[in-house]
Amino acid sequence: MKFNDFEFSDGKNSQHGTSKKLLLLLALSLVFLTIVPLYLLTTSHSPLPSPKIDTSDLRNIGIVKECDIFSGKWIPYPNGPYYTNATCSLIIDQQNCMKFGRPDTEFMEWRWRPEKCALPFFNAKQFLELVRGKMMAFVGDSLGRNQMQSLLCLLSSVTIPEDISHRYTADTTYFKRWFYADYGFTLATLWSPFLVKSTDADPNGHSLNSLMSLYLDQADEAWASQIENFDYVIISAGQWFFRPLIYHINGQIVGCHNCYMENITAVTMYYGYRMAFRAAFETLRSLKNYKGITFLRTFSPSHFENGAWNEGGNCIRTMPFSSEEMKFDGYNLEFYLTQVEELRKAQKKREEERFKI
């Protein structure tokens, strides 16, 4: 991922300069939300002190001509993470590994370093100033929800938002909205693990791996009906497409993945994955009043080793993988390439219309 010709003004803020600065900061923020895990310690353990981070104005960076921020390596960083249980109270128990018995803390003490540039520390106050009066939504599965929760904690060093979810939905577990009154900024997560309309199709009822139907030409109204007024939309999806699925287009069954049903053509999960992202991008492009910027957050590999999450896999790693240990192949590569191909198609249409992605 490269950022080209992002220029920072000398304090005499023009709309053009501010826009470029905002796009860079938002992109960097997505990186932070990807590489900063949700670290929390319970009060029954000794909380880590907050790291001493230099949050000087990012205008001091100067001009970034080009930087591939994803080419680099993890380096030891003894100052620790951006937040802990001592500094953020917004993380749910589901992600509080320390509270439920993890004894070590060394896995927190790492920082990502790109090969050819410096990755600036996250500046929460500047971020809030740049998104003043804006609305941001994470659309998709738990990856987006985790990024939203991490952003809440990154911003908690400046202010704590008001939870206004109940004003918009009865399901305040999967559909969250937070409002930063001092900045007029709204942060939301809209749960839609398939991005398109889905229904249960298993005669035995819903379960962790039950059969479901996906309507690949219909975006999920759970997010599509609410997204039009948002300024920034971050889309992600992936792991849910492994389950047995029946695919529908124009009201007709066109195939299925792992359904093993007679008279239904077997297709790969990548077909449904491709069509779901195509429908999501087309929906955003077709919304008359949507003038926001769409970000694609690409596929996140499983974090479990030595087996799947429900087959004895574990998460006991204390050091990051090195580039020599990880191979970008198999379904990880196929999911990624599928997403990027649909992104490129949407970007070509962007040139014809005012669709920013």
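What counts and what doesn't
- Once a new chain begins, its residue numbering starts again from 1 and follows that chain's sequence as written.
- Per-residue local features of the predicted model are confined to residues with pLDDT of at least 70, and side-chain atom pairs are confined, for both listing and counting, to 80 or more; whole-chain, interface and lining totals are unaffected and use all residues.
- Side-chain numbers here rest on the full set of heavy atoms in the structure, without hydrogens or water.
- Pairing between strands is defined by DSSP: at least two bridges between them are needed.
- Secondary structure elements follow DSSP: runs of H or I of four or more residues count as helices, runs of E of two or more count as strands, with numbering from the N terminus.
- For this analysis, a nonpolar core means a set of buried residues of the types Ala, Val, Leu, Ile, Met, Phe, Trp, Tyr and Cys, connected via side-chain atoms within 4.5 Å.
- Exposure is judged per residue with a 1.4 Å probe applied to protein chains only, and the accessible area is read against the type maximum: over 50% gives exposed, under 20% gives buried, and values in between give partly exposed.
- When checking whether two residues touch, look at their non-hydrogen atoms; a contact exists if any pair is within 4.5 Å.
- Angular values range over 0 to 180 degrees, each being the angle between N-to-C directions of two axes fitted as lines to C-alpha atoms, with helices fitted over their stretch in contact.

Q: Tell me about the pairing of strand β13 (residues 252-257), and please be specific about residues and values.
A: As paired strands, strand β12 (residues 245-249) and β13 are joined by five bridges and run antiparallel to one another. Within β13, the residue paired with Ile-246 across the bridge is Cys-256. The antiparallel hairpin formed by β12 and β13 contains two residues in its connecting segment, where Asn-250 sits at a positive phi of about 55 degrees.

Q: Quick one: what's the story with the nonpolar core, residue by residue and with numbers?
A: Considering soluble globular proteins, one finds that nonpolar side chains tend to be buried as a cluster. Membership of the largest hydrophobic core comes to 42 residues, with the highest contact counts inside it found for Val-139, Trp-223, Ile-227 and Phe-241. Those elements that provide at least two residues to this core are β5 (135-140), β8 (185-191), β10 (212-219), α4 (221-224), β11 (232-236), β12, α5 (269-286) and α6 (330-350). With nine residues, α5 is the largest single contributor of residues to this core. Excluding residues that lie within four positions of it along the chain, Phe-241 makes contacts with Pro-193, Phe-194, Leu-214, His-257, Met-269, Gly-272, Tyr-273, Ala-276 and Phe-335. Of all hydrophobic cores here, the second largest spans 27 residues; its members include Tyr-82, Ala-124, Met-148 and Tyr-183.

Q: Go over the sheet that holds strand β9 (residues 196-200) with me, naming the residues and quoting the values.
A: The four strands are arranged β9-β10-β12-β13 in an open sheet whose pairing can be described as mixed. Each edge of the open sheet carries a strand with a single partner, namely β9 and β13. The mean angle between the axes of side-by-side strands here comes to 25 degrees, regardless of whether they run parallel or antiparallel. Its contacts with the sheet place α5 against β9, β10, β12 and β13, and it is angled at close to 35 degrees to β10.

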